[in-house]
Amino acid sequence: MNLAALNEIAEKMVTPGKGILAADESSGTIKKRFDAIGVESTETNRRDYRELLFRSTEAMQKYISGVILYEETLYQDAADGTPLVKLIAEAGAVPGIKVDKGTKPLPGFPGETITEGLDGLPERLAKDYERGARFAKWRAVIDIAAGIPTAGAVKANAHALARYARICQEAQIVPIVEPEVLMDGSHDIARCDEVTRFVLQTVFAELFEQRVALEGIVLKPNMVVCGKKCETRATIDECAHRTIAALKATVPSSVPGIAYLSGGQSDEEATAHLNAMNKIGGFPWKMTFSYGRALQAAPQKAWAGRPENVAAAQRAFTHRARMNALASLGKWEDSLETALAA
Ligand code: 13P
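So, how was this worked out
Residues numbered from 1 in each chain as written. Predicted model: local features only at pLDDT ≥ 70, side-chain atom pairs only at ≥ 80, totals over all residues. Heavy atoms only, no water. Helix = DSSP H or I, 4+ residues; strand = E, 2+ residues; numbered from the N terminus. Rg over C-alpha atoms; globule rule 2.2 N^0.38 Å. Buried < 20%, exposed > 50% of the residue type's maximum accessible area, 1.4 Å probe, protein only. Contact = heavy atoms within 4.5 Å. Areas by Shrake-Rupley, 256 points an atom, 1.4 Å probe, with all protein chains shown as cover. Salt bridge = Lys/Arg side-chain N within 4 Å of Asp/Glu carboxyl O. Near = heavy atom within 4 Å. Polar contact = N/O pair within 3.5 Å; in protein donor to acceptor, adjacent residues only side chain to side chain. Nonpolar A, V, L, I, M, F, W, Y, C, P; charged D, E, K, R; others polar. Axes fitted to C-alpha atoms, helices over the stretch in contact; angles between N-to-C directions. Parallel < 35°, antiparallel > 145°, perpendicular 65-115°, else oblique. Left-handed = near helix turned anticlockwise from the far one by under 90°. Core = buried A, V, L, I, M, F, W, Y, C linked by side-chain atoms within 4.5 Å.

## Points about the overall build of the protein
Inference 1: In terms of helices and strands, the protein carries 14 helices and 10 strands.
Inference 2: Here the protein has a C-alpha radius of gyration of 19 Å; the compact-globule value for 342 residues is 20 Å, and the two agree.
Inference 3: Based on the C-alpha atoms only, the size of the protein along its principal axes is roughly 50 × 45 × 40 Å.
Inference 4: Put simply, the protein has 342 residues, and 54% of those count as buried.
Inference 5: Sequence separation of 24 or more characterises 78% of the internal contacts of the protein that already satisfy a separation of 6 or more.
Inference 6: For the protein, the accessible surface area stands at approximately 13,700 Å², while carbon and sulfur atoms represent 51% of it.

Dropping the structure here:
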């Protein structure tokens, strides 16, 4: 393993003023997104949609440091025959690949899941590297409900994340380590805080045991927020302070950067939370975004599967990318949302 080279990629992924586009929706998830805008999920439509994002020159060159791809997209060509991965690299962003195979029920743990995909991973990574991928992603999912998460399920997921991470580093690929505590449910922010700390502590213990070099990873956690169905709402500031405190208590400072998932927050909430944290400062890592929904909801709606809407969709994507890029510097203001809307 060449750790200096891994560290260089990880640092590039969390460049201040830029962040990661998570465009790695699985076939099932992209179908759900397309259903919502009345578009059939065919291979060509998926290609056309993702191509419009990657050809959003201003967003890609100025605000996006890396793009997470689903396997189909990594090996797909644009309409003119150019590999999509080449469009990303030419814009100066790092291409990455989602390598987990999704979640399955964890036997013996009702209501909890385990992420699968370790089988054959070294061989897949070698091929993905060849095609241009320089980082990977694996998402572990932790749900909060009565009696869960259990320590057993958290440990099993953390162990799989650590195995994945070390296998990636061996293949000269930077692992994004993503333990997502879901915001579904009615739990309050204190419960999210407690579970997030426990999950991160367990993940870093496993990363240590599996000999993962922390300088060569990017952490992709959830923020500490209220459950979607919680009756009391926390302020932007409380979420920001609690998230920073939870991470400071559990994440070693040798990790180059934190790239948050949006997890179902509204577009503006995801931006405001990231901005608030970077305004507060006082932590040892870069903090940026690795958003899926919070970057793509607007362009998907604007596009609606129509070629004549491509330019409008690209403007919508560029706007959200720019807002989040400003938030990664703590320089976003509410008023910029309308003032700078393209
Ligand atoms: P969201 O930002 O929509 O949560 O997606 C990020 C992601 O990559 C989830 O695995």
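## A look at the pattern of salt bridges
Inference 1: The final tally for this structure, using the stated rule, is 26 salt bridges.
Inference 2: Between Lys86 and Glu90 there is a salt bridge, with the nearest N and O atoms lying 3.7 Å from each other. Of this pair, Lys86 and Glu90 are both found in helix α6 (residues 84-90), 4 residues apart, which corresponds to roughly one turn of the helix.
Inference 3: Between Lys104 and Glu116 there is a salt bridge, and its shortest N-O distance comes to 3.3 Å. Placement of the pair is Lys104 in strand β4 (residues 103-105) and Glu116 in the loop between β5 (113-115) and α7 (121-131), with a sequence separation of 12 residues.
Inference 4: Classification of Lys104 by relative accessible area gives partly exposed; the value is 40%.
Inference 5: Connected through salt bridges with shared partners, the residues Asp24, Lys137, Arg139, Glu178 and Glu180 form a single ionic network.

## Considerations on the site of the ligand
Inference 1: Around the ligand sit 13 residues, and of these Lys137, Lys220, Ser262, Gly263 and Arg293 come closest.
Inference 2: A distance of 2.5 Å is found between an oxygen atom of the ligand and a side-chain nitrogen or oxygen belonging to Lys137.
Inference 3: Surface burial for the ligand is 91%, taken as the share of its 300 Å² of free accessible area covered by protein chains.
Inference 4: The residue inventory of the shell around the ligand, partitioned by class, reads 3 nonpolar, 4 polar and 6 charged.

## Brief notes about the packing of helix α10 (residues 236-250) against helix α11 (residues 267-280)
Inference 1: Where α10 meets α11, the closest approach of the two axes is 9 Å, and the angle between their N-to-C directions is 60 degrees. Overall, the two elements α10 and α11 adopt an arrangement that is oblique. Crossing handedness for the pair α10 and α11: right-handed. Counted together, Ile236, Asp237, Cys239, Ala240, His241, Thr243 and Ile244 of α10 and Ala272, His273, Ala276, Met277 and Ile280 of α11 form the full contact between these two elements.
Inference 2: Here the residues of the contact of α10 with α11 sort into 8 nonpolar, 3 polar and 1 charged.

## Overview of the nonpolar core
Inference 1: With 94 residues, the main nonpolar core has Phe54 and Leu207 as its most contacted residues.
Inference 2: Sorting elements by how many residues they give to this core places helix α8 (residues 151-170) first, with 9 residues.
Inference 3: Discounting chain neighbours no more than four positions away, the residues touching Phe54 are Leu21, Ala23, Met60, Val67, Leu69, Thr73, Leu84, Leu87 and Ile88.
Inference 4: Counting residues in each nonpolar core, the second largest holds 13 residues, with Ile20, Ala22, Ile68 and Ala259 among its members.

## Quick word on the environment of Lys220
Inference 1: Within the fold, Lys220 resides in the loop between β8 (218-219) and α10.
Inference 2: In this structure the C-alpha to C-alpha distance between Lys220 and Pro179, which are 41 residues apart in sequence, comes to 7.0 Å.
Inference 3: For Lys220, the residues in contact, after removing those within four places along its chain, are Ala22, Ile68, Lys137, Ile176, Val177, Glu178, Pro179, Ala259, Tyr260, Leu261 and Ser290.
Inference 4: Among the polar contacts listed, one links the side chain of Lys220 to the side chain of Ser290, at a separation of 2.8 Å.

Any functional reading would require information that these geometric values do not contain.
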